[in-house]
Amino acid sequence: MSLAEGEASRIACVRALVRAGVDEKAGEVLSQAVLAERVGWCADLVAGMVSGLLAQRWNAADVRVLASGVDAGGRRLPSNAWMALRRLGWTVTVPAGVRVNDRIVRMAQEQAGRALRSVNWRADLTTGVLASWPADPRKRTAQEWDQVREAIPGGKDLPANVVKARTRQVARFLNANGRLPVDVFELEGPPRVPRMLLLSACDRQQAAIERGDTDPGRVLLRLQLPTRPDPRTYRDWTWVACPITLPPTVPASAALHLPTLQMAGRQVRADVAFTHVVPKARRTGHAVALGVDWGLNTLLTAGALRLGQDGRITALGAGGQFRAAGVLAKQHRLRRLSERLHAKADQYVRLTNGRREEHLSAKHAVLREEIRRVSERRQNLNQALAWAAARWTVDQAIAAGATVIYVEDLRSLEAKGMGVTLNTRLSQQVRGKIVDRMRHLAAETGIAVVGVPARNTSKHCPQCLTPLRHRKAPDQPTPGWKWAICPHQSCGWQGDRDHGAWRRIAARGLRHQDTTVIDKSSGQMIIRAVVDKLEACAVITKTSRTDRSKTGPTRHKPPRPAPRRRRAPSPTRPCRAGKRPEGHAPTDRPRLPRAAHRHQDVNTISTPTTGHRPRGAALGAGFHLHAHATPPRWETIPETPSDPGSLS
C-alpha cells in the first residue's frame, strides 16, 4: 500500500460467521450445518497430518535447526513456515487412500511449522531454569535470580512471574518423577492440534476472497472442500462459494487477506485479516498525555496532563474512573464455582481409580461438560471486560487530544502476602488483555501506548514528590487507605490515591519520553527505568483558582424567581388511601429497580443461589449495567493541623 509521510500500514483481524455456501458444481445451497460438516472434514484431514509431523519433529535438535534460520547449505530459511519446512525436507504423511492437493499439504506444514517455532522460546526458558536450579524452588535468593536471568536469553527484561510459573511446572515434574526433566520436550508433550484451516498458506487454486462491487461490507470466499470424509479422487473436491458479511470496523479501502477458518461447535468462524493505513504513532514529541493507573475494584483511573513550552506540567481536568466491581464480582463467583466443580471431578477420579463404573463415569462426564461451560462464560466475560475498558481508555485519550497513553507496567506484579482471596483477585485480573486491546484500538488513531515503571506512583505526591499519608476516604464510613494527603504545608494536595497515581504516571512518562524504546521481541514501546534527574522534574504545577476578576457585566437576577407558593414544595410522604401525594412524587410509575441506580461494589451482588439472576440482566442492560465510568467528585476537605508523626 502506498504510504504518505506520517502514515503506517497496520494489519488487523476481524471475526465473521460463515452462515451458508453454494456448491458451484452441483448448484446446491449448503446450509450452515452442511457447510460446517464439510469444513470439518477438511480440518480433520489437516489436523491428522499436523499431528504426525509434530510427533516426528518434537525434539530439541529439530527445533534448534528450524530456529537457527538457515538450512544445511547455509541459505536463509523463508519466513513462511511451510516453505521453511520444505527447504529442510520435512514432509507430512497423507493418510492411505486419501487424495489431497498440494495446498492442503501446505496448510498442514504451515500449522506445524508455527507450533515448532513457538516452542523454541519455551525451550530456551526451560533450559535456563534447569541450568540455574535453586536450592529452594519456592524462594530464590538475589544471587540465584541473577543467575537465572543470565542463563535465559533476554532474561534481564523478563517478568519474574514467567520464571516462577516455569519453576513451579518443573517442581511438579520433580515431585512426580524424583528427577529434573531433560528439556521442555520431556516436560511438555506435543500440543493439541486445533481444527482450523490456515488459508493464508494457499493460493487461488485452493481459495480466493473478493469484495462486492456494490457493498464493500460483503465479501465472497471461494474454496475447495471435500464432499466426503475420505476423498478418494480429485472429483471428490468441489468449489464452494461462501458470502461473508464484514463488521463496519473494516475500512472500505482496506486490503483483505485469506482468512483462517475455525470450527466452533456446529458453526464456522472466519478470522479475516486486512491491511489498512493509519497515522503513525510517535515515540517522542508528545505534549498531551493520558495516564492510566490500575486498581482492584476501580479497575482503571485515568486523566490527562499537558506539557507546556515552558516545561511546566499541568492537569487537564480531574480525571475519571472505570469501575467494574459488578463484573469482577460475577467473575469471582464463576471462579469459585469452577473450583468447586474441579474438586468434585477430582473426587470422582479418585473414587474410580482407573475402574470403569457406569454411574460415576456418567456423573464425571456431566461435570466435565459443566466445567467447560463455566470456562467459556469466564472467557467471554473477560473478553467483554477487556474490550470495554480498552475502548473507554482510548475514548478518554481522544477526548483530551492526547497523542500518547502511559500505562502502569505491572508485568512483574506478584500477588503475595495479602491473603488468599486478595491474592487470587489480583492474579486473575485481565490487565494483559486490556493493554493488548488498548494498543489495538489506539493504533487506529495514531496514539502511542507506552509502559511506564510503577515504582512509587501511589506513594509520592504528584505536586512535590513528598511521601503521602494514606487514610480513609471522607465519603466512606469504613476505615481504609484510599485517601492520600500531602503533609507538606506549602503543597497540601489531597485526593484519591488512584487519582494521584495517574498524575504521577503521566508526568513520569512526559519527562522520560526521550528514553522510550521499542522492545525488539514484542515491538511495544516501553520506558525501562526511571532516571532520578528526570524524575525530580516530573511534578505537576498547581493552577491558581483565586482569580475572580470580572470578564463581563453581571447577569440580572429577578428578585422573585418563582411564586412564593412554589419556592419550597412540601416533602414527599407515603401516599394514603384516597389522598393525593404531596410535592412532585410521581404517581404513574414505580421506583427504579435497585440494580439500576445503586453504587456497584464487590459485595453488592450476593453469592449465587438456585435460580439467581441479577436485576440488570432482567432489565436487558446486561454487561454495561455493571460497568460504571462516572468519576466521583468529592469536595476537598481542609487539612487539620496534627502531629507530623501521626496518620490522623
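What you see is a predicted model; the values in this text were computed from it and never measured.

Describe the overall build of the chain, with residues and values.
Within the chain, the secondary structure is distributed over 15 helices and 20 strands. Residues classed as buried in the chain amount to 41% of the 648 residues present. A separation threshold of at least 6 residues defines the contact pool for the chain, and within that pool the share at least 24 residues apart is 67%.

Provide a residue-level description of the packing of helix α4 (residues 102-131) against helix α6 (residues 160-177), including the pertinent values.
Contact geometry for α4 and α6: axes closest at 10 Å, N-to-C directions at 75°. Compared by their axis directions, α4 and α6 come out roughly perpendicular. Every residue of α6 that contacts α4 at Trp 121, Arg 122, Leu 125, Thr 126, Val 129 and Leu 130 is listed here: Val 162, Val 163, Arg 166, Thr 167 and Val 170. Taken together, the residues of the contact of α4 with α6 sort by class into seven nonpolar, two polar and two charged.

Describe helix α12 (residues 497-511), listing the residues and the values that go with them.
Over its 15 residues, α12 extends 21 Å from the first C-alpha to the last, a length consistent with the 21 Å expected when each residue adds 1.5 Å. Taken across its 15 residues, α12 has 13 buried, putting it largely inside the fold. Between a side-chain oxygen at the N-terminus of α12 and the backbone nitrogen of Asp 498 the separation is 2.7 Å; the capping residue is Asp 496.

Lay out the sheet that holds strand β13 (residues 313-323) with the relevant residues and their values.
What the seven strands build is an open sheet, ordered β13-β12-β11-β14-β15-β20-β19; its pairing is mixed. Taken across any chain shown, the strands that pair with only one partner, and hence form the sheet edges, are β13 and β19 (517-518). Sitting on the sheet, helix α9 (residues 358-400) is in contact with β11 (288-294), β12 (298-307), β13 and β14 (404-409), with an inclination near 20° to β12.

Go over the pattern of salt bridges, please, and point to the residues and values.
Two side chains with opposite charge may pair up if their charged atoms get near one another. In the structure shown here, the tally under the stated rule is 30 salt bridges. A salt bridge links Arg 106 to Asp 102; its shortest N-O distance comes to 3.5 Å. In this pair, Arg 106 and Asp 102 both sit in helix α4, four residues apart, roughly one turn of the helix. By relative accessible area, Arg 106 is classed as buried at 14%.

Break down the side chain of Asp 496 for me, citing the residues and quoting the values.
Take Asp 496: it is sitting in strand β18 (residues 494-496). Polar contacts involving the side chain of Asp 496 include one to the main-chain amide nitrogen of Asp 498, which spans 2.7 Å.

Explain the pairing of strand β10 (residues 267-279) residue by residue, including any values.
Note that strand β1 (residues 7-18) and β10 share 12 bridges and pair antiparallel. Of the residues in β10, the one forming a bridge with Ala 8 is Val 278. Sheet topology places strand β8 (residues 255-256) next to β10; two bridges connect them, and they run antiparallel. The residue bridging Ala 255 from the neighbouring strand is Thr 275, located in β10. Relative to β10, strand β9 (residues 260-264) is paired through five bridges, and the arrangement is antiparallel. In the strand pairing of β10, Ala 264 is matched with Gln 267. Where β9 hands over to β10, the hairpin turn is made up of two residues, of which Gly 265 adopts a positive phi near 70°.

So what about the sheet that holds strand β16 (residues 469-471)? Which residues, and what values?
Either a parallel or an antiparallel arrangement is found when strands of a sheet pair, and the pairing is made through backbone hydrogen bonds. The three strands are arranged β16-β17-β18 in an open sheet whose pairing can be described as antiparallel. A strand with exactly one partner marks an edge of an open sheet, and here the two such strands are β16 and β18. Averaged over neighbouring strand pairs, the angle between their axes works out to 25° when direction is ignored. Direction of pairing for β16 relative to strand β17 (residues 483-485): antiparallel, over a ladder of three bridges. Across the sheet, residue Arg 469 finds its bridge partner in β17, namely Ile 485.

If you had to explain the pairing of strand β7 (residues 237-245) to someone new, which residues and values would you point to?
For a regular strand, side-chain orientation follows a simple rule: the groups alternate between the two sheet faces. Pairing between strand β2 (residues 21-23) and β7: two bridges, direction antiparallel. Within the sheet, the bridge partner assigned to Val 22 lies in β7 and is Ala 241. Of the pairings in the sheet, the one linking strand β6 (residues 218-226) to β7 comprises nine bridges and is antiparallel in character. Within the sheet, the bridge partner assigned to Val 219 lies in β7 and is Ile 244.

Can you tell me about unusual backbone geometry, naming the residues and giving the values?
You will see that Asn 456, though not glycine, has its phi angle at about 60°, which is positive. Judged by its relative accessible area of 30%, Asn 456 falls in the partly exposed class. Positive phi, normally seen in glycine, also occurs at Leu 465, with a value near 65°. Structurally, Leu 465 is set in the loop between β15 (448-453) and β16.

Tell me what's going on with the confidence of the model for the chain, and back it up with residues and numbers.
With 82% of its residues at a pLDDT of at least 70, the chain reaches an overall mean of 83. Taken together, the stretch residues 594-609 has pLDDT below 50 and engages in 34 contacts with residues farther than four places along the chain or on a different chain. Within the model, pLDDT remains below 50 along residues 616-622, and this stretch shows eight contacts once partners closer than five positions in the same chain are excluded.

Hey, could you go over the packing of aromatic side chains for me, with residue numbers and the actual values?
Considering all chains together, one arrives at two aromatic pairs under this definition. For the pair Phe 322 and Trp 392, a centre-to-centre distance of 5.7 Å together with 45° between the ring planes defines the contact as tilted. One end of the pair, Phe 322, is in strand β13; the other, Trp 392, is in helix α9, with 70 residues separating them in the sequence. We classify Phe 322 as buried; its relative accessible area is 4%. We classify Trp 392 as buried; its relative accessible area is 10%. Positioned over the ring face of Tyr 234 is Arg 99, at 5.5 Å from the centre of the ring. The cationic tip of Arg 140 hangs over the ring face of Trp 145; the distance from NZ or CZ to the ring centre is 5.4 Å.

Parameters and conventions
- Residues numbered from 1 in each chain as written.
- Predicted model: local features only at pLDDT ≥ 70, side-chain atom pairs only at ≥ 80, totals over all residues.
- Heavy atoms only, no water.
- Helix = DSSP H or I, 4+ residues; strand = E, 2+ residues; numbered from the N terminus.
- Buried < 20%, exposed > 50% of the residue type's maximum accessible area, 1.4 Å probe, protein only.
- Contact = heavy atoms within 4.5 Å.
- Axes fitted to C-alpha atoms, helices over the stretch in contact; angles between N-to-C directions.
- Parallel < 35°, antiparallel > 145°, perpendicular 65-115°, else oblique.
- Nonpolar A, V, L, I, M, F, W, Y, C, P; charged D, E, K, R; others polar.
- Expected span 1.5 Å × (residues − 1).
- Polar contact = N/O pair within 3.5 Å; in protein donor to acceptor, adjacent residues only side chain to side chain.
- Pairing = 2+ DSSP bridges.
- Salt bridge = Lys/Arg side-chain N within 4 Å of Asp/Glu carboxyl O.
- pLDDT = per-residue confidence, 0-100.
- Phe/Tyr/Trp six-rings, centres within 6.5 Å; stacked < 30°, edge-to-face > 60°.
- Lys NZ or Arg CZ within 6 Å of the ring centre and 35° of its normal.

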